[in-house]
Amino acid sequence: MSGSVAIIQADIFTERPFAGNPAAAVLDADRLDAAAMQRIAAEMLVPGTAFVSAATQPGADWGLRMFTPKREVGYSGHTALCGTHALLESGRLPGDRVTYGTPAGLLRVDIARGAGRALMWLEPPLPACRTFEGDLGEILDALGLPRAAVGGWARPAVTPDQDLLLPARDLAALRALEPDMRRLAAVRAPQHARGVCVVSRETVDPGSRSHCRFFAPHYGIPEDIVTGSVHSSIGVWLLEAGALAAADGRVVFTAEQGDGLGRPGRLQVELAASAGHATRVRVGGTAVTVLTGRLRSDA
């Protein structure tokens, strides 16, 4: 078909279809410009669409650009994993590692192949979270989060991606959230911020260590189903708040997101630590393809 691209849609951070976070991926995207990529991402209307092309940066195996339905982003964990999953399924990743050249720099994904689905590990630069110093009042009101439902186990913090991390008292406080998306966007957009992530240490599954909800309405994502990029920061934040114990300098835990949207997602978070501080963090997940086809790109 002339003027078309091959595209897949996959569910990320899940072992089964129709769970986790949906994403799309286009391989051989070299002939697409940014405007065409944005049109395709808007048409797919999933939280993230990956565009994989030939590498142009030194040290990269492939080029990667990532788009929400409204804008390009420098880093999106589940979108990068969708691109990796597409390369794996097409037989283009013979090894156990791939390095992407992105507009934000090099991004490495390690691949653990086993009897089941490949576990893909993202290792971004170690995030440094800073304490939020602004006024939380408008944000809490927009979220519908009562002051009494804010947890005291950690201080609100800002990630390198300009996400606000808020501690919730418990799982019930998370489930009760009914944000005013228009109001939340009006508060966060002028702050040049990305999302608001509300985190509970109480979880759905007994073996998990965190459950969260993530809102970024001004990015075209009222509520993200599973947010890979924020979980590296969540891991560091939990560790430094004393909510995780690193045995022998290492801790691995399961993080939850998406259950309230009917699409439960599960992520693996691994940290190396020294003297109570993270020295390395990785976020891992699996994926399953749910749709393949060709999409017109010349409209």
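Peer 1: Can you walk me through the overall build of the protein chain in this structure?
Peer 2: Per the secondary structure count, the protein chain includes 6 helices and 18 strands. Scaling as 2.2 N^0.38, a compact globule of 299 residues should have a C-alpha radius of gyration of about 19 Å, and the protein chain matches this with 19 Å. Along the first, second and third principal axes, the C-alpha set of the protein chain runs to 60 × 45 × 35 Å. Considering the protein chain as a whole, with its 299 residues, one finds that 57% of them fall into the buried category. For the protein chain, contacts bridging at least 24 residues in sequence account for 65% of all contacts bridging at least 6. Accessible area for the protein chain stands at about 12700 Å²; split by element, carbon and sulfur atoms hold 50% of it. The average position of the 30 basic charges and that of the 31 acidic charges among the side chains of the protein chain differ by 1 Å.

Peer 1: Would you take a moment to explain the nonpolar core for this structure?
Peer 2: Note that soluble globular proteins tend to have their nonpolar side chains buried in a common cluster. By size, the foremost hydrophobic cluster in this structure holds 59 residues, and its most contacted members are I12, Y100, C197, I234 and L271. Filtering out sequence-adjacent residues up to four positions away, I12 remains in contact with G20, N21, A23, H78, L81, C82, T286 and A287. L145, L164, L184 and V198 belong to the second largest nonpolar core, which has 21 residues in total.

Peer 1: Would you mind going over the environment of D170 with me for this structure?
Peer 2: Summarising the element assignment, D170 is placed in the loop between strand 11 (164-167) and helix 4 (171-175). Each C-alpha atom, one on D170 and one on S200, is 5.4 Å from the other, the two residues being 30 residues apart in sequence. A polar contact of 3.4 Å, which involves the side chain of D170, links it to the side chain of R169.

Peer 1: Would you take a moment to explain a nonpolar patch on the surface for this structure?
Peer 2: Taken together, F18, V290 and L291 make up a surface patch of nonpolar side chains, about 290 Å² in accessible area. The exposed category is assigned to F18, whose relative accessible area is 59%.

Peer 1: It is not clear to me how the packing of aromatic side chains should be interpreted in this structure. Could you clarify?
Peer 2: Any two aromatic rings considered together are summarised by their centre-to-centre distance and by the angle between their planes. Counting across every chain of the model gives 2 aromatic pairs. A centroid spacing of 5.2 Å and a plane angle of 55 degrees characterise the contact between W153 and W237, whose relative ring orientation is tilted. Separated by 84 residues along the polypeptide, W153 in the loop between helix 3 (137-143) and strand 10 (157-158) and W237 in helix 6 (residues 228-240) bring together distant segments of the chain. Summarising the burial analysis for this pair, W153 and W237 share the class buried. Over the face of the ring belonging to Y219 we find R71, whose NZ or CZ atom lies 3.9 Å from the ring centre.

Peer 1: Just to check I follow, could you spell out the pairing of strand 17 (residues 277-285) for this structure?
Peer 2: Regular strands show a simple pattern: their side chains alternate between the two faces of the sheet. The pairing of strand 8 (residues 119-122) with strand 17 spans 3 bridges and is antiparallel. What sits directly across from L122, in strand 17, is V283. Pairing analysis gives 7 bridges linking strand 16 (residues 265-274) to strand 17, with the strands arranged antiparallel. Paired with A273 across the strands is A278, a residue of strand 17. Counting the residues that bridge the hairpin from strand 16 to strand 17 gives 2 residues, and of these A275 lies at a positive phi of roughly 55 degrees.

Peer 1: Before we go on, may I ask you to explain the pattern of salt bridges in this structure?
Peer 2: In a structure, side chains of opposite charge can pair up when their charged atoms sit close to one another. In total, this model carries 19 salt bridges according to the counting rule given. The shortest N-O distance in the salt bridge between D110 and R282 comes to 3.8 Å. Of this pair, D110 sits in strand 7 (residues 105-112) while R282 sits in strand 17, placing them 172 residues apart in sequence. Exposure class is identical for D110 and R282. Each is buried. In this structure, E223 engages R213 in a salt bridge whose closest nitrogen and oxygen atoms are separated by 2.9 Å. Note that E223 is positioned in strand 14 (residues 221-224) and R213 in strand 13 (residues 210-216), a separation of 10 residues in sequence. Residue R213 is classed as buried on the basis of its relative accessible area, which comes to 16%. Each member of the salt-bridge network shares a partner with another, and the members are R97, R108, D110, E123, R250, E270, R280 and R282.

Peer 1: What exactly am I supposed to notice about the state of the cysteines here?
Peer 2: Among covalent bonds in proteins, the disulfide is the one between the sulfur atoms of two cysteines. If you walk through the whole model with that rule in mind, you get 0 disulfides. No disulfide involves C82; its nearest neighbouring cysteine sulfur is the one of C212, lying 20 Å away. Given a relative accessible area of 0%, C82 falls into the buried group. Left unpaired, C197 is separated from the closest cysteine sulfur, that of C212, by 3.8 Å. Looking at C197, the relative accessible area reads 0%, which means it is buried.

Peer 1: Which parts of the structure should I look at to understand helix 6?
Peer 2: Note on helix geometry: an α-helix contains 3.6 residues per turn, so any two residues three or four positions apart are oriented the same way. The element helix 6 is largely enclosed, with a buried count of 12 among its 13 residues. Among all positions of helix 6, only G228, S229, V230, H231, S232, S233, I234, G235, V236, W237, L238 and L239 are buried. A positive phi of about 80 degrees marks G242, the residue just after helix 6.

Peer 1: Mind showing me how you'd approach helix 5 (residues 181-188) here?
Peer 2: Restricting attention to buried positions, one finds in helix 5 the residues L184, A185, V187 and R188. Buried positions in helix 5, seen along its axis, are confined to an arc of 165 degrees and lie on one side of it. Away from the buried face of helix 5 by more than 90 degrees, exposed residues R182 and A186 are located.

Conventions and cut-offs
Residues numbered from 1 in each chain as written. Predicted model: local features only at pLDDT ≥ 70, side-chain atom pairs only at ≥ 80, totals over all residues. Heavy atoms only, no water. Helix = DSSP H or I, 4+ residues; strand = E, 2+ residues; numbered from the N terminus. Rg over C-alpha atoms; globule rule 2.2 N^0.38 Å. Buried < 20%, exposed > 50% of the residue type's maximum accessible area, 1.4 Å probe, protein only. Contact = heavy atoms within 4.5 Å. Areas by Shrake-Rupley, 256 points an atom, 1.4 Å probe, with all protein chains shown as cover. Lys, Arg positive; Asp, Glu negative; His and termini not counted. Charge placed at Lys NZ, Arg CZ, Asp CG, Glu CD. Core = buried A, V, L, I, M, F, W, Y, C linked by side-chain atoms within 4.5 Å. Polar contact = N/O pair within 3.5 Å; in protein donor to acceptor, adjacent residues only side chain to side chain. Patch = residues over 30% accessible without salt bridge, like charges linked within 9 Å, V, L, I, M, F, W, Y side chains within 5 Å. Salt bridge = Lys/Arg side-chain N within 4 Å of Asp/Glu carboxyl O. Phe/Tyr/Trp six-rings, centres within 6.5 Å; stacked < 30°, edge-to-face > 60°. Lys NZ or Arg CZ within 6 Å of the ring centre and 35° of its normal. Pairing = 2+ DSSP bridges. Disulfide = S-S within 2.5 Å. Arc of directions from axis to C-beta.

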